[in-house]
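Here are the chains, one letter per residue:
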Amino acid sequence: MSFAELGLIPELQRAVTEAGYTEPTPIQKQAIPVVLQGLDVMGGAQTGTGKTAGFTLPLIQRLARHANTSTSPARHPVRALILAPTRELAVQVHESVQTYCKYVPLRSICVYGGVDMRGQVDELRRGVEIVVATPGRLLDHVQQKTIAFNQVEMLVLDEADRMLDMGFIPDIRRILDMLPEARQSLLFSATFSDEIKKLADRMLKNPQLIEVARRNTVSETITHTVHPVSAGLKRNLLAHLLRHAPDTQSLIFVSTKVLCGRLASFLARHGIAADAIHGDKSQVQRSETLEAFKAGKLRVLVATDVAARGLDIDDLPMVINYELPHTAEDYVHRIGRTGRAGRQGHAVSLVCAEEKPRLAEIEKLIKFQIPQQDVPGFAAEPDYDIAGSSRSKRERAGAGKSDQEPSRNSTTRPKRSDKPARGRSNPGIAPDGFDFSKPYESTVAGTPLGETPENAVIAPSEPRPSRARPRPVAVLLGGLGRK
DNA sequence: AAAAAAC
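The rules we used
Residues numbered from 1 in each chain as written. Chains lettered and ligands numbered in written order. Predicted model: local features only at pLDDT ≥ 70, side-chain atom pairs only at ≥ 80, totals over all residues. Heavy atoms only, no water. Helix = DSSP H or I, 4+ residues; strand = E, 2+ residues; numbered from the N terminus. Buried < 20%, exposed > 50% of the residue type's maximum accessible area, 1.4 Å probe, protein only. Contact = heavy atoms within 4.5 Å. Areas by Shrake-Rupley, 256 points an atom, 1.4 Å probe, with all protein chains shown as cover. Pairing = 2+ DSSP bridges. Axes fitted to C-alpha atoms, helices over the stretch in contact; angles between N-to-C directions. Expected span 1.5 Å × (residues − 1). Parallel < 35°, antiparallel > 145°, perpendicular 65-115°, else oblique. Left-handed = near helix turned anticlockwise from the far one by under 90°. Nonpolar A, V, L, I, M, F, W, Y, C, P; charged D, E, K, R; others polar. Polar contact = N/O pair within 3.5 Å; in protein donor to acceptor, adjacent residues only side chain to side chain. Near = heavy atom within 4 Å. UniProt positions renumbered as here; feature names shortened; annotations may be inferred. Phe/Tyr/Trp six-rings, centres within 6.5 Å; stacked < 30°, edge-to-face > 60°. Lys NZ or Arg CZ within 6 Å of the ring centre and 35° of its normal.

(A) Broad picture of the overall build of chain A. The secondary structure content of chain A amounts to 17 helices and 13 strands. For chain A, with 483 residues in total, the buried portion stands at 54%. Counting only contacts in chain A whose residues sit at least 6 apart along the sequence, the fraction spanning at least 24 positions is 74%. With an accessible surface of roughly 21,400 Å², chain A has 51% of that area assigned to carbon and sulfur atoms.

(B) Molecular detail of the sheet that holds strand β11 (residues 300-303). The strand order across the open sheet built from six strands is β8-β13-β12-β9-β11-β10, with neighbouring strands paired in parallel fashion. In this open sheet, the two edge strands, each paired with only one partner strand, are β8 (222-228) and β10 (274-277). On average, each strand axis in the sheet is inclined to that of its neighbour by 20°, with strand direction left out of account. As paired elements, β8 and strand β13 (residues 345-351) share seven bridges and run parallel to each other. When the bridges of β13 are listed, His227 appears paired with Leu350.

(C) Inspection of helix α4 (residues 87-100) at higher detail. Under the 1.5 Å per step criterion, the end-to-end length of α4 is 20 Å for 14 residues, consistent within 8% with the ideal 20 Å. All of the buried residues along α4 are Glu88, Leu89, Ala90, Gln92, Val93, His94, Ser96, Val97 and Tyr100.

(D) Spatial organisation of the packing of helix α6 (residues 135-143) against helix α8 (residues 169-178). Two numbers describe how α6 lies on α8: the axes approach to 10 Å, and their chain directions differ by 45°. Here α6 lies oblique to α8, going by the angle between them. Between α6 and α8 lies a crossing whose hand is left-handed. Side by side, α6 and α8 meet where Pro135, Gly136, Leu138, Leu139 and Val142 of the first sit next to Asp171, Ile172, Arg174, Ile175 and Met178 of the second. Residues that form the contact of α6 with α8 fall into these classes: seven nonpolar, one polar and two charged.

(E) Highlighting unusual backbone geometry. Positive phi values are uncommon outside glycine, yet Lys145 reaches one of about 60°. Here Lys145 lies in the loop between α6 and β5 (154-157).

(F) Looking closely at the sheet that holds strand β7 (residues 208-211). A sheet is described by the order of its strands in space; here seven strands give the open sequence β3-β4-β2-β5-β6-β1-β7, paired in parallel fashion. Two strands close off the open sheet at either side, each with one partner strand: β3 (108-111) and β7. Put simply, the sheet's adjacent strands are angled 15° from each other on average, direction ignored. Bridge count for β3 against strand β4 (residues 130-133) is four bridges, and the pairing is parallel. Note on β4: the bridge partner recorded for Val111 is Ala133. Contacting β3 and β4, helix α5 (residues 117-126) crosses the sheet at an angle of about 155° to β3.

(G) The environment of Arg137, seen in detail. Tracing the chain through its elements places Arg137 in helix α6. Owing to a relative accessible area of 11%, Arg137 belongs among the buried residues under this scheme. With sequence-adjacent residues up to four places away left out, Arg137 is seen in contact with Val111, Tyr112, Gly113, Gly114, Val115, Asp116, Met117 and Gln120. At a separation of 2.8 Å, a polar atom in the side chain of Arg137 contacts the main-chain carbonyl oxygen of Val115.

(H) Spatial organisation of the protein's contact with DNA strand B. Neighbouring residues of DNA strand B: 20 residues in total, closest Arg137, Thr256, Lys257, Gly279 and Arg286. For DNA strand B, the fraction of protein-proximal atoms (within 4 Å) that sit in sugar or phosphate groups is 73%. At a separation of 2.8 Å, a phosphate oxygen of DNA strand B approaches a polar side-chain atom of Arg87. Here a phosphate oxygen of DNA strand B and a side-chain polar atom of Thr134 are 2.7 Å apart. Partitioned by chemical class, the residues of the surface near DNA strand B number four nonpolar, 11 polar and five charged.

(I) View of the UniProt feature "domain: DEAD-box RNA helicase Q" (unreviewed entry) in chain A. In the numbering used here, UniProt assigns the feature "domain: DEAD-box RNA helicase Q" (unreviewed entry) to residues 1-29. Across residues 1-29 one finds 45% helix and 0% strand; the C-alpha atoms that close the span lie 9 Å apart.

(J) Seen up close, the packing of aromatic side chains. Here the structure, examined in full by the defined rule, presents one aromatic pair. Sitting over the face of the ring of Tyr103, Arg14 holds its NZ or CZ atom 4.0 Å from the ring centroid. Positioned over the ring face of Tyr322 is Lys234, at 5.7 Å from the centre of the ring.

(K) Molecular detail of the pairing of strand β9 (residues 250-253). Alternating positions in β9 separate into two faces, Ser250 and Ile252 on one and Leu251 and Phe253 on the other, with burial throughout. Alignment of β9 against β11, held across four bridges, turns out to be parallel. Residue Ile252 lies in a different strand from β11, and its bridge partner there is Val302. Pairing of β9 with strand β12 (residues 318-321) involves four bridges; the strand directions are parallel. The partner of Phe253 across the bridge, within β12, is Asn321.

(L) How the structure looks around the side chain of Gln283. Tracing the backbone shows Gln283 in helix α12 (residues 283-294). Classification of Gln283 by relative accessible area gives buried; the value is 4%. Excluding residues that lie within four positions of it along the chain, Gln283 makes contacts with Arg87, Glu88, Tyr112, Gly113, Gly114 and Val115.

In structure tokens, the structure reads:
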């Protein structure tokens, strides 16, 4: 089966061939003919299945029926709207649009926040048929009257379930209310919850259901590994793993923005080309970092779940879950960044005792047990199997050390008990005295070395200069009801 | 539970 057989016009076939594709993926085989007919679509597909080309190609062809070669802006009204939940995702979809528009006289733009509006306004004024956007900035343009929706023929909602999670639904509703009734609409979502169905009812007319690759299944080309490890040794283990795979580019997921930045600078300070991407970084930084990673200038990208879904990085061989995600579904999304398009991929998870329930949930969802592998020198403490009870946490906090009982922390910080208690003999303190498992506590430079395994690879480095912290310790502890 | 997204 070729793209020509799906009914694509020569201009698109040529662009597809030049992009290096010969055979349509299952979702493309299903979606392209249906969209070409002008029907509404409710689509369920994982990322990495070719979903984006599955809707951009027929969308472009529909618009190309009446493409206008005039240079007059008035001849280039907005005719298609594609909405995505994150800026990176919008950029990526737009790249696909641009690739396939190469031999078709249609103009497109990507519109998102965090950057100056003027450039976008100028481009809109010159006339564009296809707008790829994140909802907030799009509404901003509506308010400024720099965009008009009265000629919109097609609407695509990508990653609708994520939009829902992110609270975009009111924005989506407002946009829907402004669009012409007579239009073709496509909705893509990884899950079909009641809320998604409600949105689909409102947005789609007589939708064709397209679903490939059963939801929450993972690619067969990915090998999964769990390394049991105590929380305090995680970053040492990470450095160890990275060192033993020197030519491997990897994407590392953490669950908070603070840890994200700290882990990246920790790795960078130890000679690994690493940077961080998360929502508190400026959009310029986010774009530059992602580009540097894609270009191979960074070996390691540390990310929050901003990067969990949809991001397409070619040939990414390894994803590491520094912390397991809080919902099992996010595991599927995160590791979906590797092993794409039939390639081999590795999904490695560093799991401490408190995360075992999450691991069980993940294994239930993906329907198989992930092999566990102890790394010599980093194996989790004996009570690894005792998940959850605060008593075991307290014991664990002092595990292997008899000289000091860090009772202060273990009793006053119940919510952070999965992190190692602070103390002189805490193995969570690295040789440089930097304990980044404690987001809000400053670490005194020159803290005596903890019990680091013999084969730990952290090189000694300069004591970290003490610097101002965003929030004083006393305030935080007070807030948690200390004493 | 945390993350993301408009100014």
